[in-house]
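# Fold and contact review
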There are 2 protein chains.
Amino acid sequence: MAKRVRLIDIAERLNITKVTVSKALRDQPDISKDMRALVKKTAAEMGYTPNLVARSLSSQRSHILGVVVPKIAHPFFAAVIDAIQEEATKKGYGILLAVSNENAALERQHIERLLAMRVDGLLVSVSKQQPDLSVYQQVRDMHMPLVFFDRQIEDAGFSSITIDDRLGAFHAVDHLIQQGYRKIAHIAGTHDVAIGRERRAGYEEALRKHDLPVFEPWVIAGGFDEWHGYDAFVQILHTDALPDAVFAVTFPVGLGVYGAMREHAPDLLDTVQILTFGDGEVNAFYPYPHLCVRQPTQEMGHRAVEILLAEIEGTADGPAQRVVLQTSLVTAQNYRLPSRDEAAESLRLAG
Amino acid sequence: MAKRVRLIDIAERLNITKVTVSKALRDQPDISKDMRALVKKTAAEMGYTPNLVARSLSSQRSHILGVVVPKIAHPFFAAVIDAIQEEATKKGYGILLAVSNENAALERQHIERLLAMRVDGLLVSVSKQQPDLSVYQQVRDMHMPLVFFDRQIEDAGFSSITIDDRLGAFHAVDHLIQQGYRKIAHIAGTHDVAIGRERRAGYEEALRKHDLPVFEPWVIAGGFDEWHGYDAFVQILHTDALPDAVFAVTFPVGLGVYGAMREHAPDLLDTVQILTFGDGEVNAFYPYPHLCVRQPTQEMGHRAVEILLAEIEGTADGPAQRVVLQTSLVTAQNYRLPSRDEAAESLRLAG
DNA sequence: CTTCGTAACTTAACCGATAAAGTAGGCCGT
DNA sequence: ACGGCCTACTTTATCGGTTAAGTTACGAAG
């Protein structure tokens, strides 16, 4: 049982050629019904499993998608990757996962490696560092399908599926203001990355709508992780005035703000309202839930795969699609534990 | 620029054979220094990248590892996958990720698919459902290296890297008792999975050490996710007495307990101490951090890859290794934000 | 009765590499 | 001068499939 069964082994057993076997297994019409049945039966008996590597080489299709994300231990990306994996599996594809760690050079290396591995397409969320456009040019030159999700490089000519960051941020901050908050700080991302720019724009737009000024010392750009949130809030504590609410560009940044408060100004925990763009399942159950902008992670993952597969399997490489998904605001009013049915549903789909 | 450069293209340009090119690029000694240099130079000029699919087929090595986990949007698994990916990349391997969703049938399908894709080895954390042993027998028969991490199937004869669940649980509960808690409930996992059994054993051992009885209605077995924690705690609320502490078998289960408290008995939030086995980065920053048993996720991921690669690249398939890692208890005393250096470190390694 | 078409396979080529075996030419020693 | 031995390549085979181009035999049509 040590050796693996090949097409030719089946062929020899039946005194036919491997081509016949190959065709029979793939139900090609120029093999008789009887022969097809016979071959399939014998293949099953002998425990044949096709060598996907060989198949990839000759068919020029690997049925593998390359996925590149900046981070994985992050509620948003973990959820999206999960959805991507689920959808890919359903469609008969596997995923090769690579993490860029927010590092453009590493992102480039990963993409090159995935290209060398002959993935059928790429799903990429770019790192926050200035991207190396040459790789993407290369991808384009070889007509490799690619779909950006969440974080894209605009003008690169690829399809993308993103979230309406500006509108989501706008609604959220608008809501804060309507609740009576006036002194709203914003721990922002970096300007090079779209989500950083857009969320900030939405924030400023909401302030403008209510004729509130943008107080520069309270808008601190810099990054997307916990420590940025931590440092930024410490910096805010050093200004003269204190905000009554903080809008964090990401969930991890929001966590950093909590960390800073806990260590440097625990009394603020109950007075300063925190709002984050993005949530973790964590927040749903925590005793101290905060406002957050919920991103449709599952839909994003599923549709990203759908768009990519359309480009892979579709004929023409039509114009790049640009899908924009809307967020929903999780407020104290509509706050509820995630539906148990959703959990059951995702399990059922998988099974 | 549309077509990809192959070995033979370089060969024709230089009027030599593709074999010479192949050998030159791989620095084989029977090619002259001059020729090697020339070939490499031209290859670079022409923008050659090897077709890894073809290489896999002929060399019978894919340099891809298959990773199967029950879940991904889960702080523990996300962290371990991250570490696995990082280490694999460093060693020149890619990872094919598959999620079983705690479903044994899906787990089986994934493994079969990964085998067909000719991964060089497998890293598996089994689902909580009764596993389908036949796949593992198949893996064994074809001498495919496999390492279990965190959740294993004992007696399957494969190497494993796990966490000392019993001791970790024991120390943690022992600590609770020393802090004065006496009425400690345990929301347990299922009995079929080792982590469920072991953590419960550690819990009972600690109680025994202090001559405390195990109050059966407070030991509720069932699962590892948020809703199990939620339901179990609601059930506890229906018993006559109330515990003064709750030991949750996983971090998500602990979250579920919080959710239940928040909805059904918010006054308990400040009185009932929660202890979870496993933590999320979340907990480090949250204003309401609880006790937790920290698992060495990064070490687990790194070492799992090391062990697997040793089996892949090593000659003999010696006896299966069984590595057990120790946990550390994160208490109110030693509680601190994660080191900024660690973050920097992981970024440096990646770059 | 010849011709043509078609069903059902078989042969030959190819995918892009690697591995093993073969072969010139140069240098050496005797 | 001749066999032996490197050196540096080249030839040939192989990995396990898929695709395109034959090849038979048989039945129907003209």
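### Here's the deal with the sheet that holds strand S12 (residues 328-330) of chain B
All names here are of chain B. An order of S7-S6-S8-S9-S10-S12 is seen for the six strands of this open sheet, with the pairing classed as mixed. Single-partner strands in this sheet number two, and they are strand S7 (219-220) and S12. Pairing between strand S8 (residues 245-248) and strand S9 (residues 273-277): four bridges, direction parallel. Pairing of alanine 248 across the sheet is with threonine 276, part of S9. Seen against the sheet, helix H10 (residues 226-237) touches strand S6 (184-187), S7 and S8 and runs at an angle of roughly 140° to S6. Packing of helix H11 (residues 251-264) onto the sheet brings it into contact with S6, S8 and S9, and relative to S9 it is tilted by some 155°.

### Here we look at the protein's contact with DNA strand D
Neighbouring DNA strand D are 26 residues; Leu7, Ser22, Arg26 and Ser58 of chain A together with Thr20 of chain B lie closest to it. A share of 65% of the atoms of DNA strand D within 4 Å of the protein falls on sugar and phosphate groups. Here a phosphate oxygen of DNA strand D and a backbone polar atom of leucine 7 of chain A are 2.8 Å apart. With respect to DNA strand D, the side chain of arginine 26 of chain A contributes an N or O atom lying 2.9 Å from a phosphate oxygen. Looking at the surface near DNA strand D, the elements with two or more residues in it are helix H2 (18-25) and helix H4 (52-59) of chain A together with helix H2 (18-25) and helix H4 (52-59) of chain B. The leading source of residues in the surface near DNA strand D is H2 of chain A, at four residues. Broken down by class, the residue content of the surface near DNA strand D amounts to 10 nonpolar, nine polar and seven charged.

### Some words on the pattern of salt bridges
Residue and element names in this part refer to chain B. Within this structure, the stated rule accounts for 44 salt bridges over all chains. In this structure, lysine 71 and glutamate 226 form a salt bridge, with 3.9 Å as the shortest nitrogen-oxygen distance. Taken as a pair, lysine 71 in the loop between strand S1 (64-69) and helix H5 (75-90) and glutamate 226 in helix H10 lie far apart in primary sequence, 155 residues in all. Given a relative accessible area of 6%, glutamate 226 falls into the buried group. One salt bridge connects arginine 303 with glutamate 299, and the closest N-O pair in it is separated by 3.8 Å.

### Structural notes on the packing of helix H1 (residues 7-14) of chain B against helix H3 (residues 33-46) of chain B
Helix-helix packing: each pair is described by the crossing angle between the helix axes and the interaxial distance. Residues and elements named next belong to chain B. One can describe the packing of H1 onto H3 by two numbers: an axis separation of 10 Å at closest approach and a directional angle of 120°. Taken as axis vectors, H1 and H3 run oblique relative to one another. In the crossing of H1 with H3, the sense of the turn from one axis to the other is right-handed. Residue-level contacts link Asp9, Ile10, Arg13 and Leu14 of H1 to Leu38, Val39, Thr42, Ala43, Glu45 and Met46 of H3.

What counts and what doesn't
- Residues numbered from 1 in each chain as written.
- Chains lettered and ligands numbered in written order.
- Predicted model: local features only at pLDDT ≥ 70, side-chain atom pairs only at ≥ 80, totals over all residues.
- Heavy atoms only, no water.
- Pairing = 2+ DSSP bridges.
- Helix = DSSP H or I, 4+ residues; strand = E, 2+ residues; numbered from the N terminus.
- Contact = heavy atoms within 4.5 Å.
- Axes fitted to C-alpha atoms, helices over the stretch in contact; angles between N-to-C directions.
- Near = heavy atom within 4 Å.
- Polar contact = N/O pair within 3.5 Å; in protein donor to acceptor, adjacent residues only side chain to side chain.
- Nonpolar A, V, L, I, M, F, W, Y, C, P; charged D, E, K, R; others polar.
- Salt bridge = Lys/Arg side-chain N within 4 Å of Asp/Glu carboxyl O.
- Buried < 20%, exposed > 50% of the residue type's maximum accessible area, 1.4 Å probe, protein only.
- Parallel < 35°, antiparallel > 145°, perpendicular 65-115°, else oblique.
- Left-handed = near helix turned anticlockwise from the far one by under 90°.

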